[in-house]
Every structure is written in C-alpha cells, then in structure tokens.
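Listed below, chain by chain, are the residues.
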Amino acid sequence: MLPPTVTTIAEVRRAGAAARALGKSVGLVPTMGALHEGHAALVRAARRRSGFVVVSIFVNPTQFGPKEDFAKYPRTLEADQKVCGDAGADLIFAPAVEAMYPENSFTFVDVSTLGDHLCGATRPGHFRGVCTVVLKLFNIVRPDAAHFGSKDYQQARIIVQMVRDLNVPVEVCVEPTVREPDGLALSSRNRYLSAEDRALAPRIQAALRTTRARAVAGEVDAARLESALHAELSAIPGARVDYARVVDAETLQPLTRLGRPAVAAVAVFLGTTRLIDNLPIAECGVRNAE
Ligand code: PAF
C-alpha cells in the first residue's frame, strides 16, 4: 500500500502528534528522492526502531553549488512512493521549496572544521545546506530517531556532531552502505553512468579495500596510503579523482600516521558523474557497520 504523501509542515506535524498520542515513537528518513535499495534499507531500519516512520523527499537547493546538478537531480515521486510503501513507511513528507525556505529565511547552520575537508573542500557551502535542512526537518517532524547512510560518511559525522553540539533530542542512526553485488555503493547518481563507466565503477571500492589491506599489512604512513589510493583510482580509465584521503574517523582531519580510528574516503568523477565512497581502515568514530 502507498503511504499518504503530505506537503505542508502543518500536516506532517499533525500526523506526528497523532502517532505520539497513540504511544508510538517517530522515525525519520531524510532523503532527496530518487530512492533506491539503499534508501529502502534506511526505511526498514526506521521501521524496526520506530512505531511511525516518516520519509522526507526534498531536493534541497541550499546544498547544491551554482554549477552543480540541482536542476537535473532526478525527481521520481511516483516511483519513490512505491519504494516507501514496500519498505514500510507510514508517511511521506514532500514539501515545496517555498514551504521549506519562505522568503526572508536568514538562518543557516554551519558545523565548522568537520565540513572543511573532503567534500567540503570542493563543495563550499554544501554541508551548511545539509545541516540547515536536516535541522529544519528535525524541528518539523520532531523524530525520536533519524536514519542516515554511511556512504555519506562526512555527512553522517557532521550530523552526529550537530545533534551533539546543539542538544537536538534525536538519536542519529548511521546505517551500513548498501552495495551492488560487484561492490559499487548504491547512489541516486549511478543512473547517470554510461555502460562503460558503470563497468569501471566497482574499482573505486576495490581501491579502498586495497588501502585497508595495506593498512592491515602494517602500513601506517597516511601519506603513502593516500598516494597509493590516488594512483589506483587515477588508473581507472577516464576517472578524475576529486579527493582520496585517509583521515581521522572522528575529526575528519588529515592524519600523519595511523594509530587512531581512521577512514579512507574518496570522491571520483567518472564522466560527469561524481561518486563518493569510503571504508573504515581501523575501527570507526561513527557507528558504521561495514
Ligand atoms: O543525503 C541526502 O540525501 C541529503 O543530503 C539529505 C540528508 C536528505 C539532506 O538534504
């Protein structure tokens, strides 16, 4: 059965209040739509944790740069409603941009430091947009728990930090990355890959696994790990490496030597499609079940 879709803040608040009045906890899965099996896994995790599950579908303009793919980001509401229904969501919240950002909105949330590296270095303002919309969704839906994927490791880490720093009463649950059988992390952007690039894309995850194997074999020099990772990714025909870093899993700062929980994180363009992925190479700072 398809869950109802509401578009106004008043409607989603009313539905949440009705669920809470019945003694149900509320779970939220924030998304930008174009839902795939990775999102379905988040909804199923929310279903296990909470009595009433809301999926938000909102392509958030403030997290896209002027030259990024906001206009062409896939909008597939009908298919998304089916994914939500099959995975057990109770309600879809799909607001218009004007509902989320009325004229004269002046307040933004910025998590300093954690957003400076990795994706933040090449996407200035991205995490400010993410944090702002996620905090707004938390205030609108008032969930007890919210579920995010660990493919966006930096995003998950930043949201955990925001919730901690601003005392937001929500449990942030970071769920494992869902992958294709060949290792490619599921992403709404995978649909843009040409057949040739799709065939090459699993080499991103393979390169991360090699990095982890090097660390397990005793390599502790982060710069050497990074340069081998960069070389391996650059060897993928047609690939352009945005970044290939080994960073502190908690602070996301560059490391000189391993010795603390670390994560290898990459962003790679195949054609015009930017793919991100990561792998903990020692025990991680955010709960990451990989
Ligand atoms: O991960 C996403 O899809 C988005 O960044 C999020 C968390 C829904 C905020 O717009």
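Remember, predicted model here, so these are calculated numbers, not experimental data.

A side chain with one charge can pair with a side chain of the opposite charge if their charged atoms come near. Scanning the entire structure with this criterion turns up 16 salt bridges. In this structure, the salt-bridge partner of Asp90 is Arg47, at a minimum N-O distance of 2.9 Å. Of the two residues, Asp90 sits in the loop between helix 3 (77–87) and strand 4 (91–93) while Arg47 sits in helix 2 (residues 37–49), which places them 43 residues apart along the sequence. Given the relative accessible area of 26%, Asp90 is considered partly exposed. Through salt bridges with shared partners, one network takes in Arg157, Arg164 and Glu250.

This part is about the site of the ligand. Pro30, Thr31, Met32, Asn60, Gln63, Val130, Val133, Val134, Phe148 and Gln155 make up every residue found near the ligand. Within the side chain of Gln63, one N or O atom sits 2.6 Å away from an oxygen atom of the ligand. A distance of 2.7 Å is found between an oxygen atom of the ligand and a side-chain nitrogen or oxygen belonging to Gln155. Summarising the interface, the protein chains cover 87% of the accessible area of the ligand, which totals 290 Å² for the free molecule. Contributing elements (two or more residues each) for the shell around the ligand: strand 2 (26–31) and helix 6 (126–141).

Read from one edge of the open sheet, 6 strands run 1-4-3-2-5-6, paired in parallel fashion. Two strands close off the open sheet at either side, each with one partner strand: strand 1 (5–6) and strand 6 (171–175).

This paragraph deals with the packing of aromatic side chains. A full pass over the atoms with the stated rule returns 4 aromatic pairs. On the basis of an interplanar angle of 40 degrees and a centroid distance of 6.2 Å, the ring pair of Phe58 and Tyr101 is categorised as tilted. Within this pair, whereas Phe58 is found in the loop between strand 3 (52–57) and helix 3, its partner Tyr101 is found in the loop between helix 4 (97–100) and helix 5 (119–122), the two being separated by 43 residues in sequence. On the accessibility criterion, Phe58 (6% relative accessible area) is buried. Of the residues examined, Tyr101 reaches a relative accessible area of 15% and is grouped as buried. Taking 6.4 Å as the distance between ring centres and 75 degrees as the angle between the ring planes, the aromatic pair formed by Phe138 and Phe148 counts as edge-to-face. Within this pair, whereas Phe138 is found in helix 6, its partner Phe148 is found in strand 5 (residues 145–149), the two being separated by 10 residues in sequence. An aromatic cluster of at least three residues, connected via ring pairs, comprises Phe64, Phe70 and Tyr73. Just above the ring of Phe70 sits the side chain of Arg75; from NZ or CZ to the centre is 4.8 Å. The lysine or arginine in question, Arg128, covers the ring of Phe108, its NZ or CZ lying 4.1 Å from the ring centre.

So, about the sheet that holds strand 8 (residues 262–270). Taken together, 3 strands build an open sheet; the order of strands is 7-8-9 and the sheet is antiparallel. Of all strands in the sheet, those bounded by a partner on one side alone are strand 7 (239–248) and strand 9 (273–280). In this sheet, neighbouring strand axes are inclined to one another by 15 degrees on average, regardless of whether the strands run parallel or antiparallel. Judged from the 8 bridges that link them, strand 8 and strand 9 form a sheet pairing that is antiparallel. Among the inter-strand pairings, Ala264 is bridged to a residue of strand 9, identified as Leu279. Contacts from helix 9 (residues 202–216) reach strand 7, strand 8 and strand 9 within the one sheet, and its direction differs from that of strand 9 by about 25 degrees. Its contacts with the sheet put helix 10 (residues 222–234) on strand 7 and strand 8, and the angle it makes with strand 7 is roughly 155 degrees.

The next thing to look at is the side chain of Thr273. In this fold, Thr273 is placed in strand 9. Beyond its immediate chain neighbours, meaning those up to four positions away, Thr273 contacts Arg189, Tyr192, Leu193 and Val268.

On to helix 9. Compared with an ideal rise of 1.5 Å per residue, which puts 15 residues at 21 Å, helix 9 spans 21 Å between its outermost C-alpha atoms and is within 8% of the ideal. Among all positions of helix 9, only Pro202, Ile204, Gln205, Ala207, Leu208, Thr211 and Ala215 are buried. Residues of helix 9 that are buried in the fold lie against helix 8 (195–200), helix 10, strand 7, strand 8 and strand 9. One or two residues past the end of helix 9 sits Gly218, with phi positive at roughly 120 degrees.

One finds Val54 and Phe138 to be the most contacted residues of the largest nonpolar core, which totals 49 residues. A total of 10 residues in this core trace back to one element, the largest contributor, which is helix 6. Those residues within four positions of Phe138 in sequence are excluded, and the remaining contacts are Leu28, Pro143, Ala146, Phe148, Ile159, Met162, Val163, Val168 and Val170. Counting residues in each nonpolar core, the second largest holds 27 residues, with Leu193, Ile204, Ala215 and Leu255 among its members.

Reading guide: rules and limits
- Residues numbered from 1 in each chain as written.
- Predicted model: local features only at pLDDT ≥ 70, side-chain atom pairs only at ≥ 80, totals over all residues.
- Heavy atoms only, no water.
- Salt bridge = Lys/Arg side-chain N within 4 Å of Asp/Glu carboxyl O.
- Helix = DSSP H or I, 4+ residues; strand = E, 2+ residues; numbered from the N terminus.
- Buried < 20%, exposed > 50% of the residue type's maximum accessible area, 1.4 Å probe, protein only.
- Near = heavy atom within 4 Å.
- Polar contact = N/O pair within 3.5 Å; in protein donor to acceptor, adjacent residues only side chain to side chain.
- Areas by Shrake-Rupley, 256 points an atom, 1.4 Å probe, with all protein chains shown as cover.
- Pairing = 2+ DSSP bridges.
- Phe/Tyr/Trp six-rings, centres within 6.5 Å; stacked < 30°, edge-to-face > 60°.
- Lys NZ or Arg CZ within 6 Å of the ring centre and 35° of its normal.
- Axes fitted to C-alpha atoms, helices over the stretch in contact; angles between N-to-C directions.
- Contact = heavy atoms within 4.5 Å.
- Expected span 1.5 Å × (residues − 1).
- Core = buried A, V, L, I, M, F, W, Y, C linked by side-chain atoms within 4.5 Å.

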